[in-house]
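# Observations on the model geometry
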Amino acid sequence: METKPQGETRASGLLLAIILVGQFLAILNVNIVNVATPTIESDLHSSGAGLQMIVAGYTIVYAVLLITGARVGDLFGYRNAFLGGLALFTLTTLGAGLAPSTGWLVAFRLLQGSGAALMMPQVLTLIQRNYQGAARGRAIGLWSLTVSGGIVIGQALGGILLGMGAGWRIVFLVLVPIGALLLAAGLKVLPADRGGGKTGLDPWGLVSLSAAVLLLVVPMVLGRELGWPLWGWISMGLSVVTFVAFVRIERWVTASGGRPLVNAQVLRAPGMRPGLAVLLFGPATWGAFLFTSALHLQGELHLTPLASGMMLVPCALAFGFVGLGWPKLPARLQRPLVPFGYVVAAPAYLGLGLAAGGGVPYAVMSALVGAGLGVQVAVTNMATEQVDGRYAADASGALLTVMQLGQVIGVSTVGTLFITLSQGHGTVSAALMSAIAMAGLAVLAGLSSIFLVRRRVPDAAQDLGVS
């Protein structure tokens, strides 16, 4: 890993604040619009398909272009890519807030997703390249907390803003001045760099991977609302074929002496492959939990969007406590903490199903879920600690794409199970079966993490700044 020449300076703290707030805005936009859909439908006379694209279009484009965004940063500089993505995101957020029709709003949401996909991979890359030792562990902890906290806060903030009676446009417009301030600060603070790439975008790899992700994500995001049509299953099958084609293309590019979209050295780095497996199953449980809990709390329990968001605050706080606290543990305990976290999360999910009536028991179980999943911060650190700094962008793109796919898979599978069971039976009974499914995903994450922590890194304690 490359070190920062000046070490840990005052500017480095401001740098971290700028890139994490930018990331927070991008994550916030995944969920903040959900609670506004009824007023959007009434104001713009949107169709069901239009509303689906307003909500899902952002996620689809964001997931498809993440690795491309990482490569753009590698080629043209991480500072330039972050600021360019932030500028596009801010301008299109303004456009979304002023959109005169459903079509315009969908278009701006798609462009918002493009800006987020360009901005987000640079955050983890900038952390990897500018922070070392204990500072790096803290920065990644805050990065992971921002990713998870943005989703929870998005649900609550949307409820607060709509409760002010300002209409749906406020959920977009309130973010515009924040984005503008970040852009101005970023121009002064973000360190200049030339990126790390020496070759082009790998167009064949770009097209094949984008197609594979698109063929998988679109039916998973839209399939539940459309009743899982035949074309969706065909699309998901084709995504597997296209992904195999992508792997073959990348091998050909490597053999030809070119720079593949995802360098094989990244996947060969110790801990990267088991780390990716953990970061697929872990976020799948998280995405499923947030989706089903919102439906349950606002459904049969009749909580407002704000109240349901507040019910998840203990979960977010526990996640942050564990995520920020694990580097302070003795070195001998840091790695075993990871599978133990999923040992806590799996039964906690079952407890959520049994405490589906809400109240204090539900809040306690959600806190245990957050504490268990807080080890994902350690997973991210362990997965990337041996990645060569030249391939930081490749690692960032791969990690973010897998985490996003995990959330989409969790929402589409467990979410569909929840909705199906709740029809005619209520959400309390559906919550128990969904909790069992989430516990199963947590078990898979825990089993995958065993392969991660079994790896021996002689100087791991030194790398983490532990004496």
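Sequence order as written defines residue numbering, which begins from 1 separately in each chain. Totals for whole chains, interfaces and linings use all residues, but because this is a predicted model, local features are given only for residues with pLDDT of at least 70 and pairs of side-chain atoms are given and counted only at 80 or more. Heavy atoms throughout the structure, all of them, feed into the side-chain values; hydrogens and water do not.

## Focus on the overall build of the protein
For the protein, the count of helices and strands is 21 helices and 0 strands. Relative to the compact-globule value of 23 Å for 467 residues, the protein shows a C-alpha radius of gyration of 21 Å, a close match. With the C-alpha coordinates aligned to their principal axes, the bounding extent of the protein is approximately 55 × 50 × 45 Å. Counting every position in the protein, which comprises 467 residues, the buried fraction comes to 57%. Taking contacts inside the protein between residues at least 6 apart in sequence as the whole, the part at least 24 apart equals 85%. His is not counted, nor are the chain ends, whereas Lys and Arg count as positive and Asp and Glu as negative. A charge is said to be at NZ when it belongs to Lys, at CZ for Arg, at CG for Asp and at CD for Glu. Averaging the positions of the 25 positive and the 15 negative side-chain charges in the protein gives two centres separated by 6 Å. Numbering of helices and strands runs from the N terminus; a helix is a DSSP stretch of H or I covering at least four residues, while a strand is a stretch of E covering at least two. With C-alpha atoms as the basis for the radius of gyration, the globule rule is written as 2.2 Å multiplied by the number of residues raised to the power 0.38. The classification of residues rests on relative accessible area computed with a 1.4 Å probe and restricted to protein chains. Under 20% of the type maximum is buried, over 50% is exposed, and intermediate values are partly exposed. Whether two residues are in contact is decided by their heavy atoms: any pair within 4.5 Å suffices.

## Examining the confidence of the model for the protein
Confidence of the predictor at the level of single residues is captured by pLDDT, which takes values from 0 to 100. Averaged over every residue, the pLDDT of the protein is 83; the share at 70 or more is 91%. No element of the protein has a lower mean pLDDT than helix 21 (residues 460-463), which averages 40, and none a higher one than helix 4 (residues 78-98), which averages 95. Low confidence marks residues 1-11, where pLDDT is under 50. Its contacts with residues over four positions away, or in another chain, come to 19 contacts.

## Quick look at the environment of Leu 333
Relative to the elements of secondary structure, Leu 333 occurs in helix 15 (residues 331-334). Residues Leu 333 and Thr 413, 80 residues apart in the sequence, show an inter-C-alpha distance of 34 Å.

## Some thoughts on unusual backbone geometry
The phi dihedral of His 45 is positive, around 55 degrees, even though this residue is not glycine. One can find His 45 in the loop between helix 2 (37-44) and helix 3 (48-76).

## Brief notes about the packing of helix 4 against helix 8 (residues 176-189)
Two quantities define a packed helix pair, namely the angle between the axes and the distance from one axis to the other. Look at helix 4 against helix 8: their axes get within 9 Å of each other, and the N-to-C directions meet at 160 degrees. The angle between helix 4 and helix 8 falls in the class roughly antiparallel. Seen along the crossing, helix 4 lies across helix 8 with a hand that is left-handed. Contacts between helix 4 and helix 8 involve Arg 79, Leu 83, Leu 86, Ala 87, Thr 90, Thr 93 and Leu 94 from the first element and Val 176, Gly 179, Ala 180, Leu 182, Leu 183, Gly 186, Leu 187 and Lys 188 from the second. Tallied by class, residues from the contact of helix 4 with helix 8 come to 9 nonpolar, 4 polar and 2 charged. In this analysis an axis means a line fitted to C-alpha atoms, helices contributing only their contacting stretch, and an angle means the value between N-to-C directions, from 0 to 180 degrees. Each angle receives one of four descriptions, namely roughly parallel if under 35 degrees, roughly antiparallel if over 145, roughly perpendicular if within 65 to 115, and oblique otherwise. Here a crossing is taken to be left-handed if its near helix is turned anticlockwise relative to the far helix by less than a right angle, and right-handed if that turn runs clockwise. Lys, Arg, Asp and Glu make up the charged group, whereas Ala, Val, Leu, Ile, Met, Phe, Trp, Tyr, Cys and Pro make up the nonpolar group; the residues left over, Gly among them, are polar.

## A closer look at the packing of aromatic side chains
Paired rings are identified among Phe, Tyr and Trp, the last through its six-membered ring, by centres lying within 6.5 Å, and are further divided according to the angle between planes into stacked (under 30 degrees), edge-to-face (over 60) and tilted (the rest). Evaluated as defined, the whole model comprises 8 aromatic pairs. Ring centres of Trp 286 and Phe 289 lie 6.1 Å apart, and the angle between their planes is 50 degrees; this geometry places the pair in the tilted category. Of this pair, Trp 286 and Phe 289 both sit in helix 12 (residues 272-298), separated by 3 residues, roughly a single helical turn. For Trp 286, a relative accessible area of 5% translates into the label buried.

## Focus: the environment of Ile 18
Here Ile 18 is to be found in helix 1 (residues 10-31). Overall, the relative accessible area of 3% leaves Ile 18 in the buried class. Spatially, the C-alpha atom of Ile 18 lies 7.5 Å from that of Ala 185, the residues being 167 residues apart in sequence. Discounting chain neighbours no more than four positions away, the residues touching Ile 18 are Phe 82, Leu 182, Ala 185, Gly 186, Val 189 and Leu 190.

## Side note on a nonpolar patch on the surface
Each patch groups residues whose relative accessible area exceeds 30% and which form no salt bridge, using 9 Å between like charges and 5 Å between nonpolar side chains of Val, Leu, Ile, Met, Phe, Trp and Tyr. For every accessible area listed, the method is Shrake-Rupley and the probe measures 1.4 Å; residues are considered covered only by the protein chains on display. Here, a salt bridge means any side-chain nitrogen of Lys or Arg that lies within 4 Å of a carboxyl oxygen of Asp or Glu. Residues Leu 350, Leu 354, Leu 417, Leu 432, Met 433 and Ile 436 make up a contiguous nonpolar surface patch of roughly 520 Å² in combined accessible area. Elements with a minimum of two residues in the nonpolar patch: helix 16 (337-354) and helix 20 (427-453). Residue contributions to the nonpolar patch peak at 3 residues, all from helix 20. For Ile 436, the position within the fold is in helix 20. Ile 436 sits in the partly exposed class, given a relative accessible area of 42%.

## Describing the nonpolar core
The biggest cluster of nonpolar side chains holds 105 residues, and the ones touching the most others in it are Trp 143, Met 272 and Phe 289. For this core, the element with the most residues is helix 5 (residues 102-130), which contributes 11 residues. Sequence-distant contacts of Trp 143, that is, excluding residues within four places in its chain, are made with Leu 20, Gln 23, Val 123, Leu 124, Ile 127, Thr 380, Leu 400 and Met 403. Counting residues in hydrophobic clusters, the runner-up holds 17 residues, among them Ala 63, Leu 209, Val 217 and Leu 261. Residues enter a nonpolar core if they are buried and are Ala, Val, Leu, Ile, Met, Phe, Trp, Tyr or Cys, with the set joined through side-chain atoms within 4.5 Å.

## Considerations on the pattern of salt bridges
In this structure the tally under the stated criterion is 2 salt bridges. Asp 43 is paired through a salt bridge with Arg 169; the nearest N and O atoms lie 3.9 Å apart. With Asp 43 in helix 2 and Arg 169 in the loop between helix 6 (133-163) and helix 7 (170-173), this pair connects stretches of sequence that are 126 residues apart. Look at Arg 169 and you get partly exposed, because its relative accessible area is 25%.

## Let's talk about helix 12
In this scheme, a helix's expected span is set at 1.5 Å multiplied by one less than its residue total. Helix length check: helix 12 (27 residues) gives 39 Å between terminal C-alpha atoms against 39 Å at 1.5 Å per residue, within 8%. Summarising burial for helix 12: 20 of the 27 residues are buried, a large majority.

## Some words on the side chain of Thr 242
Relative to the elements of secondary structure, Thr 242 occurs in helix 10 (residues 230-255). Given the relative accessible area of 17%, Thr 242 is considered buried. In this structure the side chain of Thr 242 is engaged in a polar contact, spanning 2.7 Å, whose partner is the backbone oxygen of Leu 238. Setting aside anything within four residues of it in sequence, one finds Thr 242 in contact with Ser 208, Ala 211, Ala 212 and Leu 215. Pairs of N or O atoms are called polar contacts if they sit within 3.5 Å, as long as, within protein, a hydrogen donor faces a hydrogen acceptor (for residues adjacent in sequence, only side-chain-to-side-chain pairs).

## A look at helix 5
Taking 1.5 Å as the rise per residue, helix 5 with 29 residues should run 42 Å; its terminal C-alpha atoms sit 42 Å apart, in good agreement. Along helix 5, 23 of the 29 residues are buried, which leaves the element largely enclosed by surrounding structure.

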